[in-house]
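Residue-level structural notes
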Amino acid sequence: MSGDANERFQALLLTKEGDAPKAGFVTIGESDLMDGDVVVDVSHSSMNYKDGLALTGAAPVVRRYPMIPGIDLAGHVRSSSHPDFKPGDAVVLNGYGLGETHYGGYAQRARVKGDWLVPLENITPFEAMALGTAGYTAMLCVMALERHLVHQTVGQVLVTGAAGGVGSVAVSLLADLGYRVVASTGRPEEAEYLKSLGAEEVIDRRELSEPTGKPLAKERWCGAIDTVGSHTLANVLAQMRYGGCVAACGLAQGSDLPTTVLPFILRSVTLAGVDSVQAPMALRREAWLRLDQLIDRGKLKRMTRTVKLEDVTALAPEFLAGKVKGRVVVEIG
């Protein structure tokens, strides 16, 4: 595993031309990587909505150029001066600026801080990236609902953007935990897919995505995981049952939130923000332990497809258009 530090390897590099990023393959060595105390042989990464933003330049995800994109990675330690890791250890990394300010997962090797890494025990690197940032974020959202006492017997739990990466894993996790899951999607053709993951009902996203101007509506949901933001999140809040909780983690519709304080002060609704990038290590380890215990490998396989690294730039616009179902693993090594 330790290998030759002078050995060259392939990476996808983003450079800036005017206002638009340009992606191209380069051959580099360890000396070209950024600072860190652990070198990882990257076997797999994944594609997420945020990766689509970075590769297309649709949002300023990348904060410095040139940049190796890819907001998460999994593989095995190649070399380490960190006391917690040794060559051969299987590891996963999500967030901490990976692919934004620090060279990311779309390269065959990465040098990172050991304090950012989570060791993998029963989950393989492939499964870690089949889950990826999306699955890890979904688990953080489920944990947020649990902390706010959203119980399985109280009523239905809503998942918005349900056919996407976070949504798919959230539906599966909630259903396996015994929640009655309603999946909201703009792709009615994916209804059977969502039901195969455990949704008891699938609704059209138009029920929630249009401006209504109503700060309160009929109580429907005891809990919700929202990946969409904007009018959708405002409508979800307006429909929450008394004492309910919404775990919000995305902005696919927009970053605005056109609502009022009424759901919070009249129905005691909680809006729990979920961040996966800078989440404390204790929370990360708990999330990955729970994923190992809870995830249905059969469902994970059904929601996952695998692509080559050279496919990611062509796939990026499909993410932004909401055309990608489930999870996408990127083969690196």
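Check the entry above for the structure.
I will try to describe carefully the structure that is included in this document.

The rules we used
Residues numbered from 1 in each chain as written. Predicted model: local features only at pLDDT ≥ 70, side-chain atom pairs only at ≥ 80, totals over all residues. Heavy atoms only, no water. Helix = DSSP H or I, 4+ residues; strand = E, 2+ residues; numbered from the N terminus. Expected span 1.5 Å × (residues − 1). Buried < 20%, exposed > 50% of the residue type's maximum accessible area, 1.4 Å probe, protein only. Contact = heavy atoms within 4.5 Å. Phe/Tyr/Trp six-rings, centres within 6.5 Å; stacked < 30°, edge-to-face > 60°. Lys NZ or Arg CZ within 6 Å of the ring centre and 35° of its normal. Patch = residues over 30% accessible without salt bridge, like charges linked within 9 Å, V, L, I, M, F, W, Y side chains within 5 Å. Areas by Shrake-Rupley, 256 points an atom, 1.4 Å probe, with all protein chains shown as cover. Salt bridge = Lys/Arg side-chain N within 4 Å of Asp/Glu carboxyl O. Core = buried A, V, L, I, M, F, W, Y, C linked by side-chain atoms within 4.5 Å.

1. Quick look at helix α8 (residues 281–294)
With 14 residues, α8 extends 20 Å from end C-alpha to end C-alpha; this agrees with the ideal 20 Å at 1.5 Å per step. Residues of α8 that are buried include every one of Met281, Arg284, Ala287, Trp288, Arg290, Leu291 and Asp292, and no others. Turning to α8, the residues buried within the fold contact β5 (90–94), β7 (118–119), α2 (125–147), α3 (165–176) and α9 (297–302).

2. Describing the packing of aromatic side chains
By the definition in use, this model includes two aromatic pairs. Consider the rings of tyrosine 136 and tryptophan 288, whose centres lie 6.3 Å apart with planes at 10°: the pair is stacked. Residue tyrosine 136 is located in helix α2, and its partner tryptophan 288 is located in helix α8; the two are separated by 152 residues in the primary sequence. Judged by relative accessible area, tryptophan 288 falls into the buried class, the value being 4%. Across the ring face of tyrosine 193, the terminal group of lysine 325 is positioned such that the distance to the ring centre comes to 4.7 Å.

3. Brief notes about the environment of leucine 266
Tracing the backbone shows leucine 266 in helix α7 (residues 262–266). In the structure, leucine 266 is positioned 78 residues away from proline 188 in sequence and 34 Å away in space, judged by C-alpha atoms. Contact partners of leucine 266, with chain neighbours within four places excluded, come to Leu216 and Tyr242.

4. Some points on a nonpolar patch on the surface
A cluster of nonpolar side chains, contributed by Val261, Ile265 and Leu266, occupies part of the molecular surface with about 310 Å² of accessible area. Its location among the elements puts isoleucine 265 in helix α7. Isoleucine 265 gets classed as exposed once you look at its relative accessible area, which sits at 60%.

5. Overview of the nonpolar core
Note that soluble globular proteins tend to have their nonpolar side chains buried in a common cluster. One finds Met47, Tyr106, Leu174 and Trp288 to be the most contacted residues of the largest nonpolar core, which totals 96 residues. If one sorts the elements of this core by residue count, α2 sits on top with 14 residues. Beyond its immediate sequence surroundings of up to four residues, leucine 174 is in contact with Val142, Leu145, Val157, Val159, Tyr179, Val181 and Ile225.

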